[in-house]
Amino acid sequence: MSLYFRPIRPDEIPDLCRLVDSAYSATVKRLFGNSSGGRWAHYQESKVGSYQQREPDGVRIGIRQGQMVTVCICRSFGKVGWFHTLAVHRNYQGKGIGHKAVLDAQRYLASRGVTNIGLMTWPAALSNIGFYQNLDYQMAGLSVHSYRSSSQALATGRSPLQSVLLSSLGEWSKEQALAAIALLCEGMMPGLDYSSWLCWTLEQDMGDVMAIGFEDELVAMILAYKQPRLDYLEGKLLAISPACKPEEQLWVLEHFRRWAANEGRASFGFPVDIADSAVAQRLQKLDFRLFDQSMLNMVKGDSWPAKGVHLVRFSG
Ligand SMILES: CC(C)(COP(=O)(O)OP(=O)(O)OC[C@H]1O[C@@H](n2cnc3c(N)ncnc32)[C@H](O)[C@@H]1OP(=O)(O)O)[C@@H](O)C(=O)NCCC(=O)NCCS
């Protein structure tokens, strides 16, 4: 039976959302029962529109006999790629369509220069884990949000580092900062480039980017989303150069804390891999707590992860 893949058209977005709702509502119900995790919230059309804006050909659908049967949303960051919201229509699951959708996502990402692909699934979703292992993905840690109150300082006195929010900069300085961030990421992992994500976040006014460094050298960056209804500054990406000493790393966190406090957010945090005990223990000693919602990271590719500190959760 013929099945082909292509980017979605705007008029097809409501169908895509219905398909995702039907596939995911059954899965979360099966995994989490009547707890809050088991209630699926409608997959918003506006969200898909913004994904399409961010990466026009990355919202992929599979068509069989004129009907949309599968969806997968891809993102590329230089050599690193990511896909999420993989779904097969409930009536068509178990027939090899999901497998083909992943192959399409891989082909699409490879065409954009991606050599390393990551994804997330629920740790309890054993059949999904088997499905991805079958496609040569390996488990790469449990991603959990760690968070902390913003009211108590992590380091006191005068910081050896300086920080700036990109939203406060003029066009020229912002471009300079983005170029320095691209260089930082390249130094952590050849080909790693988050520029498109950072620019998209700033354009959408969803969050901000903090660049942190010495006068002449950027050593860290943080991308955080400002969820309007939350009292939490949500770090999505934290990158710290391998050249940064432990006490400087602490100051990076302190700059993040001050950012959260200035925004009037009661807490702040970012994703960590709790399978990496050294990092998790260090953070817990600094009064970070783990938020009870974990996802399993799975990856495929040859050089993952990056050097230095590279904490990221792409989510949707
Ligand atoms: C997960 C999902 C996308 C899989 O799509 P699908 O079309 O049902 O899966 P397929 O029929 O393509 O399965 C492909 C392969 O995975 C294998 N597989 C499936 N479940 C497996 C398991 N529990 N253990 C090992 N292998 C498994 C199948 O054997 C098959 O391999 P084969 O072709 O070599 O026989 C689909 O079930 C879905 O939409 N689920 C709900 C939403 C969801 O959970 N999305 C993923 C979130 S990360």
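Residues numbered from 1 in each chain as written. Predicted model: local features only at pLDDT ≥ 70, side-chain atom pairs only at ≥ 80, totals over all residues. Heavy atoms only, no water.

**Structural notes on the pattern of salt bridges**
So, step 1. Under the defined criterion, the tally for this structure stands at twelve salt bridges.
So, step 2. R18 is the salt-bridge partner of D15, the closest N and O atoms lying 2.6 Å from each other. On the criterion of helical spacing, the pair formed by D15 and R18 is a turn pair, its members being three residues apart in helix 1 (residues 13-32).
So, step 3. Taking relative accessible area as the criterion, R18 reaches 52% and is therefore assigned exposed.
So, step 4. In this structure, the salt-bridge partner of K226 is E263, at a minimum N-O distance of 3.4 Å. Here K226 is found in the loop between strand 9 (217-225) and strand 10 (232-240), whereas its partner E263 is found in the loop between helix 7 (246-262) and strand 11 (267-273), with 37 residues between them in sequence.
So, step 5. Judged by relative accessible area, which is 27%, K226 ranks as partly exposed.
So, step 6. Look at E263 and you get partly exposed, because its relative accessible area is 31%. (Salt bridge = Lys/Arg side-chain N within 4 Å of Asp/Glu carboxyl O. Helix = DSSP H or I, 4+ residues; strand = E, 2+ residues; numbered from the N terminus. Buried < 20%, exposed > 50% of the residue type's maximum accessible area, 1.4 Å probe, protein only.)

**Looking at the domain arrangement of the chain**
So, step 1. By the assigned domains, the chain splits into domain 1 (3-114) and domain 2 (146-312).
So, step 2. Distance between the C-alpha centres of domain 1 and domain 2: 28 Å.
So, step 3. Taken together, the contacts link eleven residues of domain 1 with 13 residues of domain 2.
So, step 4. Carbon and sulfur atoms supply 62% of the area buried between domain 1 and domain 2, which totals about 1,000 Å² over both sides. (Domains from an automatic or database assignment. Contact = heavy atoms within 4.5 Å. Buried area = accessible area lost by both parts, 1.4 Å probe.)

**Quick look at the layout of surface pockets**
So, step 1. Roughly 630 Å³ of volume is contained in the second largest pocket.
So, step 2. The wall of the second largest pocket is formed by 28 residues, among which D273, D276, V309, H310 and L311 lie closest to the centre.
So, step 3. Of all the elements in the fold, those that place two or more residues in the lining of the second largest pocket are strand 6 (138-149), strand 10, helix 7, strand 11, helix 8 (277-285), strand 12 (289-300) and strand 13 (309-312). (1 Å grid on protein atoms, 1.4 Å probe; cavity = no way out; pocket = protein on both sides within 12 Å on 5 of 7 lines; lining within 4 Å. Points joined across faces, edges and corners; volume = space filled by probe spheres on them.)

**Focus: the site of the ligand**
So, step 1. Taken together, 22 residues lie near the ligand, and L86, V88, G96, G98 and H99 sit nearest.
So, step 2. L86 places a main-chain nitrogen or oxygen 2.8 Å from a nitrogen atom of the ligand.
So, step 3. Here Q93 contributes a side-chain N or O atom positioned 3.4 Å from an oxygen atom of the ligand.
So, step 4. Its free accessible area being 960 Å², the ligand has 68% of it covered by the protein chains.
So, step 5. Elements with a minimum of two residues in the shell around the ligand: helix 1, strand 4 (80-88), helix 3 (97-111), strand 5 (116-121) and helix 4 (126-134).
So, step 6. At six residues, the largest contribution of residues to the shell around the ligand is made by helix 4.
So, step 7. Each residue belonging to the shell around the ligand can be placed in one class, and the counts come to ten nonpolar, eleven polar and one charged. (Near = heavy atom within 4 Å. Polar contact = N/O pair within 3.5 Å; in protein donor to acceptor, adjacent residues only side chain to side chain. Areas by Shrake-Rupley, 256 points an atom, 1.4 Å probe, with all protein chains shown as cover. Nonpolar A, V, L, I, M, F, W, Y, C, P; charged D, E, K, R; others polar.)

**Things to note about the nonpolar core**
So, step 1. Within the largest apolar cluster, 52 residues are counted, with the highest numbers of intra-cluster contacts made by L16, Y194, W197, L198 and M221.
So, step 2. A per-element tally of this core places helix 1 first, with nine residues.
So, step 3. Counting residues domain by domain, this core receives three or more from each of domain 1 (3-114) and domain 2 (146-312).
So, step 4. In contact with M221, other than residues within four places in its own chain, are I181, L184, L198, V209, M210, L237, L238 and A239.
So, step 5. Judged by nonpolar contacts, the second largest core, of 26 residues, contains L161, L233, W251 and F268. (Core = buried A, V, L, I, M, F, W, Y, C linked by side-chain atoms within 4.5 Å.)

**What to know about the pairing of strand 4**
So, step 1. Across the nine residues that make up strand 4, a large majority, nine, are buried.
So, step 2. In this sheet, strand 4 lies alongside strand 3 (residues 67-77) in antiparallel orientation, the contact comprising seven bridges. Within strand 4, the position partnered with R75 by the bridge is W82.
So, step 3. Note that strand 4 and strand 5 share three bridges and pair parallel. In the sheet register, G81 faces strand 5, and the bridge partner there is I117.
So, step 4. Crossover handedness for the path strand 4 to helix 3 to strand 5: right-handed. (Pairing = 2+ DSSP bridges. Right-handed = clockwise from strand over helix to strand, strands pointing away.)

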